[in-house]
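Tertiary structure, described
Take a look at the letters that make up each chain.
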Amino acid sequence: QLQLVESGGGLVQPGGSLRLSCAASGFTLNYYAIGWFRQAPGKEREGVSCISSSTGSTNYLDSVKGRFTISRDNAKNTVYLQIDTLKPEDTAVYYCAARSYSCSAYPNYDYWGQGTQVTVSS
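Okay, so let's go over this structure.

**Quick notes on the packing of aromatic side chains**
Think of a pair of aromatic rings as described by two things: how far the centres are apart, and how the planes are tilted against each other in angle. On inspection of all chains with the given rule, the structure shows eight aromatic pairs. Centroid distance Phe37 to Tyr109: 5.1 Å. Interplanar angle 80 degrees. Geometry classified as edge-to-face. Highlighted residues: Phe37 in strand S4 (residues 32-39) and Tyr109 in the loop between strand S9 (92-100) and strand S10 (111-112), separated in sequence by 72 residues. Of the two residues, Phe37 and Tyr109, both sit in the buried class. On the basis of an interplanar angle of 85 degrees and a centroid distance of 5.6 Å, the ring pair of Tyr106 and Trp112 is categorised as edge-to-face. Since its relative accessible area comes to 40%, Tyr106 is described here as partly exposed. Taken together, the aromatic side chains of Phe37, Tyr106, Tyr109 and Trp112 make up a single cluster linked through ring pairs. Sitting above the plane of the Tyr80 ring, Arg19 keeps its charged end 4.1 Å from the centroid. Against the face of Tyr109 rests Arg99, its NZ or CZ located 5.9 Å from the ring centre.

Right under this line is the structure:
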């Protein structure tokens, strides 16, 4: 069974950090581009970052550049999203998703995780 599982979310104060993990089972992540998306209450899901499979190139939503870092550990079959300098507007459910080779816009991904909640509040 092909599955993606996110973890690492939680409640954090503004300015804090979290590292989200996206672990795959049933398939090998290094053949897939992995995107991170988020959805805040009442808003549409948006892409925040993606890492391709072939070149490992990355891209980021403008509002998170310099604060979010995506990386992959093929040995652990896991992709990470390091989130620093968190802001209240980062509050959302964060999802990871996989598609073959290259990054794409939402919703053009084949496999989705169940999401992990990130709440930024003092």
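**Some words on unusual backbone geometry**
Here the residue pair Tyr106 and Pro107 is connected by a cis peptide bond, since its omega of 5 degrees sits within 30 degrees of zero. We note that Asn77 has phi near 55 degrees; this positive angle belongs to a residue other than glycine. Tracing the sequence through the fold places Asn77 in the loop between strand S7 (68-73) and strand S8 (78-83). Given the relative accessible area of 16%, Asn77 is considered buried. A positive phi angle, near 50 degrees, is found at Thr85, a position not held by glycine. By the secondary structure assignment, Thr85 is in the loop between S8 and S9.

**What about the nonpolar core?**
As a rule of thumb, nonpolar side chains are buried together in soluble globular proteins. Counting residues in hydrophobic clusters, the biggest one holds 27 residues, and the most contacted among them are Leu4, Ile34, Trp36, Val79, Leu81 and Tyr94. Only strand S3 (18-25), S4, strand S5 (46-51), S7, S8, S9 and strand S11 (116-120) provide two or more residues apiece to this core. Here Ile34 is in contact with Cys22, Leu29, Ser49, Cys50, Ile51, Ile70, Arg72, Val79, Cys96, Ala97 and Ala98, once residues within four sequence places are set aside. Counting residues in hydrophobic clusters, the runner-up holds five residues, among them Phe37, Cys50, Ala97 and Tyr109.

**Details of the state of the cysteines**
The tally for this structure, following the rule as stated, stands at two disulfides. Linked covalently through their sulfurs, Cys22 and Cys96 form a disulfide whose S-S length is 2.1 Å. The sign of the S-S torsion, about 75 degrees, decides the handedness of the disulfide formed by Cys22 and Cys96: right-handed. Of the two residues, Cys22 is situated in strand S3 and Cys96 in strand S9; the sequence distance between them amounts to 74 residues. For the pair Cys22 and Cys96, a shared accessibility class is recorded, and that class is buried. The disulfide that involves Cys50 links it to Cys103, with 2.0 Å between the sulfurs. Linking Cys50 and Cys103, the disulfide has an S-S dihedral of approximately -95 degrees and is accordingly described as left-handed. On the criterion of sequence distance, the pair formed by Cys50 in strand S5 and Cys103 in the loop between S9 and S10 is long-range, its members being 53 residues apart. Taken N- to C-terminal, the disulfide-bonded cysteines of the protein chain are connected 1-3, 2-4.

Conventions adopted
- Residues numbered from 1 in each chain as written.
- Predicted model: local features only at pLDDT ≥ 70, side-chain atom pairs only at ≥ 80, totals over all residues.
- Heavy atoms only, no water.
- Phe/Tyr/Trp six-rings, centres within 6.5 Å; stacked < 30°, edge-to-face > 60°.
- Helix = DSSP H or I, 4+ residues; strand = E, 2+ residues; numbered from the N terminus.
- Buried < 20%, exposed > 50% of the residue type's maximum accessible area, 1.4 Å probe, protein only.
- Lys NZ or Arg CZ within 6 Å of the ring centre and 35° of its normal.
- Core = buried A, V, L, I, M, F, W, Y, C linked by side-chain atoms within 4.5 Å.
- Contact = heavy atoms within 4.5 Å.
- Disulfide = S-S within 2.5 Å.

Note that every value here comes from positions in space, so none of it alone points to a role or purpose.
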